[in-house]
Amino acid sequence: MSASIGRSLVLLSLLFASAGAVAAFAAFLKKRADLTTLAIRAAYGFAGFMILANLWMVQALLRNDFSISYVAQVGSIDLPVWVKVVSLWSSLEGSILFWGGVLALYVAVATRSLTEAHGWARPAAIGVWLACATFFGFLIAGPAQPFGTMVDVPADGPGPNPLLQNHLLMAIHPPFLYGGYVGMTIPFGLALAALMTGRLSPTLLGTIRTSLLAPWSFLTAAVVLGGWWAYEVLGWGGYWAWDPVENASLLPWLTATAALHSAILTERRGVLKGWTMSMVIASFLLTILGTFMTRSGIFNSVHSFTQSAIGPTILVFLGFATLASVLLLGFRVDLLQPDGELERGASRDTAFLAQNMLFVLFTFTVLIGTVFPLIVEATRNVQMSVGRPYFDRMTVPIGALLLFVMGVGPALPWGASTSAELKRRLLPPLGLASGFLVLALGVGIRSPWTLITLFLAGYAAHVTLFEAFRPARTRLKIRNDGFVKAFSQDLFGPGLRRLSAYVAHAGAVTAFIAIAVSSTGSKSVERTLAEGETMTFGRYTLTLEGIENLEEPHRTSLIARIGVKKGDTVLEPLRPMMNQYRSQRESIGTPAVRTGLIEDLYLSTMNIDTNSRTVGLLVMINPLVSWLWIATVIMTAGGLLALFSSKRAGRVVEPARDLQAEVAR
Amino acid sequence: MKPEVCLTRFRSPLIALVALSAMAGPGVLAQEKPRLDPEVIAILGEPDPPQNALDADVIAVLGRPEGTVPSDENGVNLRATAIGSKLRCPVCQGVAISDSPAGMAVKMRGQVRDLVAQGYSEEQVMLYFERSYGEFVRLEPPMRGLNVMLWLLPLAALAGGAFLVLKKSREPLKARPGSGTAATAHDDDDDDGIVVPKAPELDTALARYLERVRRDSGTST
Amino acid sequence: MNKGVLGVGVVVTAPLLALLLLNIGRNPSAIASPLIDKPAPNVRLKNLEGGGSLQVSSLRGKPVVVNFWATWCIPCIQEHAALTQAARANPDVAFLGVVYEDSTENARGFLAQRGSAYNSYADDEGKAAIAFGVYGVPETFFINRGGTIIEKYVGPLDDDLLRERLAAVRK
């Protein structure tokens, strides 16, 4: 009964999605406004039922309703409440249902934000969104059905994968990731609509920009949250291993960032329309590729779901979406004529071009590295790996070039300028750049790439701060207001959009610094300690004070209580542990991290022997890692501020008449 | 004693020793120390202490160490960690053995340390593991055959991209009839963040039309 | 129609999609052993009981079966009977067990309880497991008289599977 309610909700959402898609495309092709209204209603219908389906599953998980197949698969009576909610997305079927739910929210909000001002792009976009919704609805109703009826209702379930119960980040990372991934559907639909209508009006472009900002912000947070999760849970002390699934989450972020930037050129100059649309489309296609990589089981990854029939189905959808996109681009992109020209030479336009090129290169490199093992296997029938050493070697120089462009770009003028003017703009930041370099050398950093990165980061930091506060300082000079008043004009006025970009850049520069220093400055040692024994590492003195036992309904843990002293100060003891989950054979370790602004003290247990009362301990000192998390917050804040500013500024003053038709007459 | 003199004086016992080792082969290492002529021992000294069992297999695969023996334990650790970051833990998912807490990874790290301590070079250590686990175990693919594409393709993309960007940024400015309708107000670099909406909100087709009108009527600015 | 855009679009996306399609069904954890048709690693295995050791090369001239196992490995326990019986029925073949990621005490205890027809050896430092390229247990290597590995079998063996392979290893 309970399962059939769930199935009905899913089927209804699928029905509305498919009917709505048909109505929307018909509305576009036949230019019928009544069909548009129908499509809009269907969109809301799809959204409503899909959200209800998700809520139904959550209540089933909370109430331990094992008559539903998914609950029987991942539910368990002895689970904390947050784990029960979180198990909605812990396993394959539930995660597709969750995808549907997030898509429902996005489609509802996006449909609401479209108006008559968008012309026939409105039904076109809704058509694309609902077509995607139809696919996912079909997946949920078919191969990935979570609402199966259990013939023999079990008394209890095994609970979700233990690694997913280890940390609160499990509750946060997937929703953010889905918020990013799924959200790319909206700008994708709008981009296809631009191609279908043959017009990229300023209204439409503005809507695309806005609809790109929300998923971009989510994805920025999600990518790094994933790294943070790996750092806190997996125990090897790093946050990014270039695992195929990690790469999958990064690829659409790279093209989306490119799209956000080239959209600025499109908005200002009316150029690169086709290119911006391509970047938007690529971002969506890469999310589908990413979800295929995660669920197909053909990639060697920590994160892979097991292989299932879903893989090929997603691939078919990817193929179809790619074909439609390539055809639309090939046949319709010439209709998106530029309205102006790029400024030549050493101008900000060129910097934008270079930035886009570098992001595409980055994407291409990561993609090649990720799929290369498949190519080799298909041709030479030999398994090989492309791992961290390769990716680091290739992406570090690209990252440095990006940082260079991020520094030089905003310093360059929009228009043409003299070389004297260029010198005035480009030379001063060298001061802070050199300062960073000197500081780095002074602290003992010797790795060449880290030094280069810090020099470039200093440059970019100067430019970013300078540009961020320039309007305020200009106002100060002109009007003699207080600084706060001058600055708040930016925060609460139309200057917010510009400011948000520099906030995001500030976050990015911080991230570069954190990554450069933490990846080369880590120090570690392995030692076996007996109870009561002490060791020193760096400025820390560590003592194995005792081994504790903790029984929980779903797991037994052995905890090594390590007393920590820094210099002479006694700090909170750290408790790395080995967890034995009821459903797993091998125990899984959880590290203990003392997060600091300068460095993290990272303890991981290799093994805990209760007979001999010894603990094999891995001790690491990781510098500046917490600044990566801080940087991400800043970047995400930048994205959200931009989103907020465009929502506030964005409504079209008057509905655009069909001027093209008027002109044609 | 000078080496040349040493060789000529003790040529026959040396030849005997070499012949003995060559004939005995692995069998020698399998049993106890080779029985050497007391005269040889008297001249050349006791042979090296019995090497551990690893060496039989290692020597069969790698031969003699080609690198240098590290001077102290710190040197061993540094080199071993560097090599460990390039070897894939076969039982984990994609991590290097230096990053994995798994039992086999710990053992492989011990193996790497042993080999490094005996003076084997990085490439030799990698080859030893490749013998057992295949190319899969190398995290950074060696530059042979098809793998060259891993480097060529991104480099080609970089070159192509750079060329495109430079081309677009160097194209001679076409005669700009009044800079079109886009962004006249924005060409100044004092971008104080106020995006003046094009007044009125012009659609692109209208913009082009307006452009033509301006050109035709000669009122371009 | 913009031929350039179409061309780039097809060139970039078609190979990628084709590649992914071809790889459906690929199992990334099934790694082929590079040791097939290569000489068996000549490692030294320590006896479980008492001192002493065995050098693998000393077995040259007989077919050899090397079985990696552990007491925590259920399929290993399942195949133990089949292996014991095969060892008894084929005295011309040398059977060896190697303990993988497990303690000597556990192994001794298991063998004392279940009996065995051939020796098992300890591999505390994992050198034998590494040399043979072992990913997990059970894994069994079939070596011919000349000392060449002719097959690596991953998973538990049964009587039929063993019979086939023993016939092959004798050739």
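Each chain carries its own residue numbering, running from 1 in the direction its sequence is written. Note on labels: chains are lettered from A, ligands numbered from 1, in written order. Two thresholds apply to this predicted model, a pLDDT of at least 70 for residue-level local features and 80 or more for giving and counting side-chain atom pairs, whereas whole-chain, interface and lining totals are computed over all residues. As a rule here, side-chain values cover all heavy atoms of the structure and leave hydrogens and water aside.

1. So, the side chain of Thr363(A)
Residue and element names in this part refer to chain A.
Link 1 in the chain: Helix and strand definitions here come from DSSP, where helices need a minimum of 4 consecutive H or I residues and strands a minimum of 2 consecutive E residues; each element is numbered from the N-terminal end. Mapped onto the fold, Thr363 is located in helix α13 (residues 348–380).
Link 2 in the chain: You can call Thr363 buried: its relative accessible area is 7%.
Link 3 in the chain: In protein, a polar contact means a hydrogen-donor-capable atom and an acceptor-capable atom, both N or O and within 3.5 Å, with residues adjacent in sequence counting only if both atoms are side-chain atoms; elsewhere, any N or O pair within 3.5 Å suffices. A polar contact of 2.8 Å, which involves the side chain of Thr363, links it to the backbone oxygen of Phe359. For every residue, the accessible area (1.4 Å probe, protein chains only) is compared with the maximum for its type, and the residue is labelled buried under 20%, exposed over 50%, or partly exposed between those bounds.

2. Details of the domain arrangement of chain A
Residue and element names in this part refer to chain A.
Link 1 in the chain: An automatic or database domain assignment is the source of the domain bounds shown. Per the domain assignment, the segments making up chain A are domain 1 (1–165), domain 2 (166–337), domain 3 (408–521 + 627–664) and domain 4 (523–625).
Link 2 in the chain: The criterion used for residue contact is that any of the two residues' heavy atoms lie within 4.5 Å. Taken together, the contacts link eight residues of domain 2 with 15 residues of domain 4.
Link 3 in the chain: Two parts placed together each lose some accessible area under a 1.4 Å probe, and adding up what both lose gives the buried area. Roughly 820 Å² of surface becomes buried between domain 2 and domain 4 when both sides are summed, with 45% attributable to carbon and sulfur atoms.
Link 4 in the chain: We define a salt bridge as a contact between a side-chain nitrogen of Lys or Arg and a carboxyl oxygen of Asp or Glu at a distance within 4 Å. One can count zero salt bridges joining domain 2 with domain 4.
Link 5 in the chain: Summed over the shared surface of domain 2 and domain 4, the number is four residue pairs in polar contact (both at pLDDT 80 or more).
Link 6 in the chain: Tallied by class, residues from the side of domain 2 that touches domain 4 come to four nonpolar, three polar and one charged. Three categories are distinguished: nonpolar for Ala, Val, Leu, Ile, Met, Phe, Trp, Tyr, Cys and Pro, charged for Asp, Glu, Lys and Arg, and polar for the others, with Gly belonging to the last.

3. Details of the pairing of strand β3 (residues 540–551) of chain A
Looking along a regular strand, one sees side chains alternate from face to face of the sheet.
Residue and element names in this part refer to chain A.
Link 1 in the chain: Strand pairing is assigned whenever DSSP detects at least two bridges linking the two strands. Pairing analysis gives four bridges linking strand β2 (residues 534–537) to β3, with the strands arranged antiparallel. By the bridge assignment for β3, Met535 is matched with Leu542.
Link 2 in the chain: Bridging between β3 and strand β4 (residues 555–566) involves eleven bridges; their strand directions are antiparallel. Pairing of Tyr540 across the sheet is with Lys566, part of β4.

4. Notes on the interface of chain C and chain B
Link 1 in the chain: Chain C puts 22 residues into the contact, and the matching count from chain B is 23 residues.
Link 2 in the chain: In this assembly, chain C packs against chain B so that about 1,900 Å² is buried in total across both faces, 58% of it on carbon and sulfur atoms.
Link 3 in the chain: When the buried surface of chain C facing chain B is broken down by residue, Lys127(C), Ile130(C) and Tyr135(C) rank first, second and third, together holding 33% of it.
Link 4 in the chain: The interface formed by chain C and chain B includes two salt bridges.
Link 5 in the chain: In terms of residue count, helix α4 (residues 127–132) of chain C provides more of the side of chain C that touches chain B than any other element does, five residues in total.
Link 6 in the chain: When its residues are assigned to classes, the side of chain C that touches chain B shows twelve nonpolar, five polar and five charged.

5. As for the packing of aromatic side chains
Residues and elements named next belong to chain A.
Link 1 in the chain: The criterion for an aromatic pair is that two Phe, Tyr or Trp rings (for Trp, the six-membered ring) have centres within 6.5 Å, with stacked assigned to planes under 30 degrees apart, edge-to-face to planes over 60 apart and tilted to the rest. According to the stated counting rule, one finds 30 aromatic pairs over all chains in the structure shown.
Link 2 in the chain: An angle of 40 degrees between the planes, with centres 4.6 Å apart, marks the rings of Trp89 and Phe98 as tilted. Residues Trp89 and Phe98 agree in their burial class; the two are buried.
Link 3 in the chain: Taken together, the aromatic side chains of Trp89, Phe98, Trp99, Phe135, Phe136, Tyr178, Tyr181 and Phe317 make up a single cluster linked through ring pairs.
Link 4 in the chain: Stacked on the ring of Trp414, the Lys or Arg Arg268 has its end atom at 4.1 Å from the ring centre.
Link 5 in the chain: When the NZ atom of lysine or the CZ atom of arginine is within 6 Å of a ring's centre and also within 35 degrees of its normal, the charge is said to sit over that ring. Here Arg473 stacks its cationic end above the ring of Phe466, 4.6 Å away from the centre of that ring.

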